[in-house]
Structure formats: structure tokens, C-alpha cells
Amino acid sequence: MAFFPPRDLLVVLPFLVLLLPLYIYLRYSRSAKANPSLPTEWPLVGMLPSLVANLHNLFDYATALLAASGNSFEARGPPMSGLRFFVTCDPDNVRHIFINNFANYPKGEEFASFFDVMGDSFFNADGESWRRQRARVQHVMSNPRLLAFMAACCRGKVEKGLLPILDRMASAGAPFDLQRLLTRFAFDVTAMAVFGVDTCRLSIDMPPLDVANAMDAVMEVGFFRHTVPVSCWKLMRSLRIGPERKLAAAQRLLRRFVAEMIQKRRAAGGACKATGDEQGGVPPADIVSSYINDPEYVDEDGNPREFMYATFINYMVAGRDTVGTALSWLFFNLTEHPRVVARIREELEPIASSKAGGGGMVVFDPEETKPLVYLQAALFESMRLYPPGPIERKATLADDVLPSGHTVRAGDNILIPVYSMGRMASVWGKDSGEYRPERWVTEDGKLRHVPAHRFMPFNAGPRLCLGKDISVLQMKSVAAAVAWNFDLEVVAGHAVEPKVSIVMQIKNGLMVKVKKR
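- Per an unreviewed UniProt entry, the chain is named Cytochrome P450, and its organism is Oryza meridionalis.

This is the structure we're talking about:
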């Protein structure tokens, strides 16, 4: 066998070192041409370089890849890293995964580990535990007293909190972050529904938002955990460094908040001992009353168990994030489309006229906005383009063939970019990137039905959001009050773009100026 003598090897080695990267580049760039729509898969690191390079713009990057590859592709990280995902926004695949073969696609243990602060609550749960918890949530959320209480809380917070602050901002004429204001609003309204306690974060003096910031941290670090190998973030957690240190502090703060809220609820008059009409008691007017005396959730001394902490952090995140984030994007879209605002005001005119008198601002009850079609179309169109939850994740229990013809194997992870689905021309037409509420209105003026597996902001199938209807009513009443009483304008030069996280807030906030009509 021929070989280089040691002396000659010293001469040749530098050339080999220089040629090796060139060889790898040529080999893999040629192989990538077989499917030019996908990023190059490099040895040792897989597609990770492309992911890292586009992390700041991940949602739009994924949308472009999906559009170029026929709505589905496989993304692979370094070998043995576990970063391998089948990515799809094909509505037929989504219907199969979320509805037709639902049992084969749980959230999975790995997903639950990303959001361990929510423990075994319904956000993470699968199987029988999830079915049992969902049945209870459905029972709670169908309570007429609770729904009436939630509507009243929303109206009161709009009338006595949001509108007066906007009026003050209009008088001052200074720019402010509307997203931050709506976060305070959503936090208060959610806490009132969940605990029966007004946290008063929406007020003129703008108290600290520590708990809301802790919720943001949970979502941000949860997203970070999706993008690195499990062993990496677990090591960081054990060492308490990086994002994991931030998450640990957030988890402690959220637990303290839940404990304080339960204590305040009890001090305010105790809890309703009945958990439903079937027990002969008065139905509870807040969510915590349905859990506070249940031995599964509290111990013998009445102290919350881990399950209760997880469940109520889950409730707070679910309520606050949907309302606050969706409203922020809706108002951004309205500032960009004055004609839509004009149409909304035309629809509100008959209701507002009946409330005229006294020269004060007009407040709309949630039930009054229920039949307003164009207002809901404007909201849904905004959520199509900017869904509060921009991505869904599923695990695979058994090998399966999807309607698109792709094969997924047991243990595979599946990502469904909800953001991308809302922007696919193959799903929504050539104008899919435009904000056009009219697409939701039929020729006879009714709200067009779009199946949940095409419009995913509220999930689909058995996991369809149980709070959808009341959340929509709340958001419509807020949008109606603001749009009727004020003109909004985004501050010139302010960049509005999505934040890359599990909850798609506006990255730099929504800086606006407001004028009273």
C-alpha cells in the first residue's frame, strides 16, 4: 500500500485541509439540487446552519420553504441530535392528524417536558388524563353564570380601564405601546375570570407586569427548547445557566402568583363548595371555585397541590395570550386599512345610535357585538395572518401514511406552522398575503364557514379551543369600543414584525398615537 512519507505528508496536509471543505461543498450542493426548494443538508450539522441563519425570520422562512416544496418537507438537524421534523401545512394532512387519526398524534412526552411548568395539566396531557381534564374544563366553560361573569368583567374593564387610559393618552398626544396596554387588559380580564380577583394591572399608574413577563418567559424558553437537542437544554437547566435560569425564576414567580390569588379568593368570601348544578349548589362565578375544594387539587389543609399550580398557570396563559396578542395584531391591521375601520363603524352605527347621549364614550356589551359579521371577519382575517399560536407540534405513535403521500414513522415529530397555513396561496388564493376581511363574508352577508383544519388559530378536532366563543365575543367588544371612539396611527418609522416565540406577539411592541373621535 502506497503512503506519504512523514516529510511529504507535512507538505500535502495543508492542501488536503483546504480541499476538504471545497469537496464537501461541491458534493452536498450537487445533491441539494435534487430538491432546490430545501436548504442544503450538511454533514455533521444537517440543516442547522440554515435554521440558525433564518431564526430571526423563522415564520416567513418556513412559509417560503413550504410554498416551494408543496406544503410539506422534512427538516433535519445534526445526526443523533433528535432535531428531525416533518413540517406540513397541507390542510388534508392537518385534518388527518388533528381529526381523522387523532389518537395516533398526541402531543407527546417531549412536548410536555418543554413546558414542565404546566405539569400534567390539559395543555400537556394526552390520553385518558387529557380526556378527563377536558371534560371538566368543558363543564366549567359551559356554565352560564361564568360566561355572564366573564362578559361583565370584559365590559367593565373596557369602560373603566381601557377607554379612560386611551382618552388620557389622546390628550397627552404622546406615543405609547398599545400591545403593552392590551396585555394588561387581557391579564386583568383573565385573572378575574379564573380567580375572581382583579389584579388591577390596567391602571393609570401602570404597576409592574412581573407575572405577565414570567408568562412570556415560559413561552420564549419553551420555543428555545424546541430548537436545541434535549440534552443541551437539560444540561443548561441543571447548571442554571442561559435561558433556563430565566425560566426557573419565572416558574417560581408564577407559583407564588397562583398561591396568592387563591388566598385572596378565599379571603374575599370563600369558595363555592358546589362544583356544578348536579350537586344542588349554586354554580360558581369564577373558574377557581370549581377546583378549590377538590382533593385532587388541594391537600387536607387546603393548600394547592402541584396539579393545581400547573392547571391555573395553564388557564392564565391560555386566556391572556389569545386575547392580548390577537387584539394587538387586529389593531395593527386596522391602522393599515382605514376602509376596514369605516366598514366596522358602519356596522356599529345602529348600536351606537341607541346609546347616544351625554357626550361620553360608547361601550358595547359582548352580546351586542355577537351578530356583527364584518367585525368578526376583520378579527378572523387578522388571526389568519397573525395567529397567536403560530405553530403546533405533534408526536407520532405508529407508522402512518399521510394524505399527501408522505410516510411518518413511530417517534417522528410533526410541526404544523399555523402562520404558514394562513398564507398559502394553495389554501387561500392568490391574495393570501393580503388583509381582506371580505373573504370571510358570503354574498348574502353571512359569516363564511371555514373548517378548523384550514383555519387553525383555535386548534382543530378534539382539541378545539373550548374558550373560543367567549374569547371572540370579548375581542369583538374591545375592538368595537376602540374603533368607534378613537383613531389609531402607528408611529412613523416603527417596525412591526412577529416575535419568534410560541406566542406570536409583536416583536418591538405596537407604538401608536391615538386621537379621540
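What follows continues from the structure just given.
**Let's talk about the UniProt feature "binding site: heme" (unreviewed entry) in the chain**
At step 1: In this numbering, the UniProt entry assigns the feature "binding site: heme" (unreviewed entry) to Cys-465.
At step 2: Of note, Cys-465 is situated in the loop between α17 (425–428) and α18 (468–485).
At step 3: Non-local contacts of Cys-465, meaning those with residues more than four positions away in its chain, are made with Phe-458 and Asn-459.

**A few points about helix α11 (residues 243–267)**
At step 1: With 25 residues, α11 should reach 36 Å at 1.5 Å per residue; the first-to-last C-alpha distance of 36 Å fits that figure.
At step 2: Every buried residue of α11 is accounted for by Glu-244, Leu-247, Ala-248, Ala-250, Gln-251, Leu-253, Leu-254, Phe-257, Val-258, Met-261, Ile-262 and Arg-265.
At step 3: Of the surrounding secondary structure, the elements contacted by the buried residues of α11 are α8 (178–195), α9 (210–227), α10 (230–239) and α12 (306–336).

**Here we look at a nonpolar patch on the surface**
At step 1: A surface patch of nonpolar side chains, about 280 Å² in accessible area, is lined by Leu-235, Leu-239 and Ile-241.
At step 2: Topologically, Leu-239 is positioned in helix α10.

**Focus: the packing of α9 against α12**
At step 1: It is the contact of α9 with α12, at a shortest axis distance of 11 Å, that shows an interaxial angle of 95°. When the axes of α9 and α12 are compared, the pair comes out roughly perpendicular. Residue-level inspection shows Ala-212, Met-215, Asp-216 and Met-219 of α9 in contact with α12, the latter providing Met-316, Val-317, Arg-320 and Asp-321.
At step 2: Looking at side-chain class alone, the contact of α9 with α12 contains 5 nonpolar, no polar and 3 charged residues.

**A short note on unusual backbone geometry**
At step 1: For Cys-200, which is not glycine, the phi dihedral falls at a positive 55°.
At step 2: Looking at the secondary structure, you find Cys-200 in the loop between α8 and α9.
At step 3: A positive phi angle is found at Asn-459, which is not glycine, with a value near 65°.
At step 4: In this fold, Asn-459 is placed in the loop between α17 and α18.

**Concerning the sheet that holds strand β1 (residues 72–76)**
At step 1: Within the open sheet, the 4 strands sit side by side as β1-β2-β7-β4. Their pairing is mixed. Sheet topology places β1 and β4 (391–395) at the edges, where each strand pairs with a single neighbour. Averaged over all pairs of adjacent strands, the angle between their axes in this sheet comes to 25°, without regard to strand direction.
At step 2: In terms of strand pairing, β1 meets strand β2 (residues 84–88) through 5 bridges, oriented antiparallel. Residue pairing across strands places Ser-72 opposite Thr-88, the latter belonging to β2.
At step 3: This element, helix α3 (residues 58–68), spans β1, β2 and β7 (413–417) of the sheet and lies at about 125° to β1.

**Remarks on the sheet that holds strand β8 (residues 486–490)**
At step 1: Reading across from one edge, β3-β9-β8 is the order of the 3 strands in this open sheet, with antiparallel pairing throughout. The outermost strands of the open sheet, each flanked by one partner alone, are β3 (176–177) and β8.
At step 2: When β3 meets strand β9 (residues 511–516), the two strands line up antiparallel, connected through 2 bridges. From the neighbouring strand, Asp-177 faces β9, where its bridge partner is Met-511.
At step 3: Sitting on the sheet, helix α7 (residues 144–172) is in contact with β3, β8 and β9, with an inclination near 95° to β9.

Definitions and cut-offs
- Residues numbered from 1 in each chain as written.
- Predicted model: local features only at pLDDT ≥ 70, side-chain atom pairs only at ≥ 80, totals over all residues.
- Heavy atoms only, no water.
- UniProt positions renumbered as here; feature names shortened; annotations may be inferred.
- Helix = DSSP H or I, 4+ residues; strand = E, 2+ residues; numbered from the N terminus.
- Contact = heavy atoms within 4.5 Å.
- Expected span 1.5 Å × (residues − 1).
- Buried < 20%, exposed > 50% of the residue type's maximum accessible area, 1.4 Å probe, protein only.
- Patch = residues over 30% accessible without salt bridge, like charges linked within 9 Å, V, L, I, M, F, W, Y side chains within 5 Å.
- Areas by Shrake-Rupley, 256 points an atom, 1.4 Å probe, with all protein chains shown as cover.
- Salt bridge = Lys/Arg side-chain N within 4 Å of Asp/Glu carboxyl O.
- Axes fitted to C-alpha atoms, helices over the stretch in contact; angles between N-to-C directions.
- Parallel < 35°, antiparallel > 145°, perpendicular 65-115°, else oblique.
- Nonpolar A, V, L, I, M, F, W, Y, C, P; charged D, E, K, R; others polar.
- Pairing = 2+ DSSP bridges.

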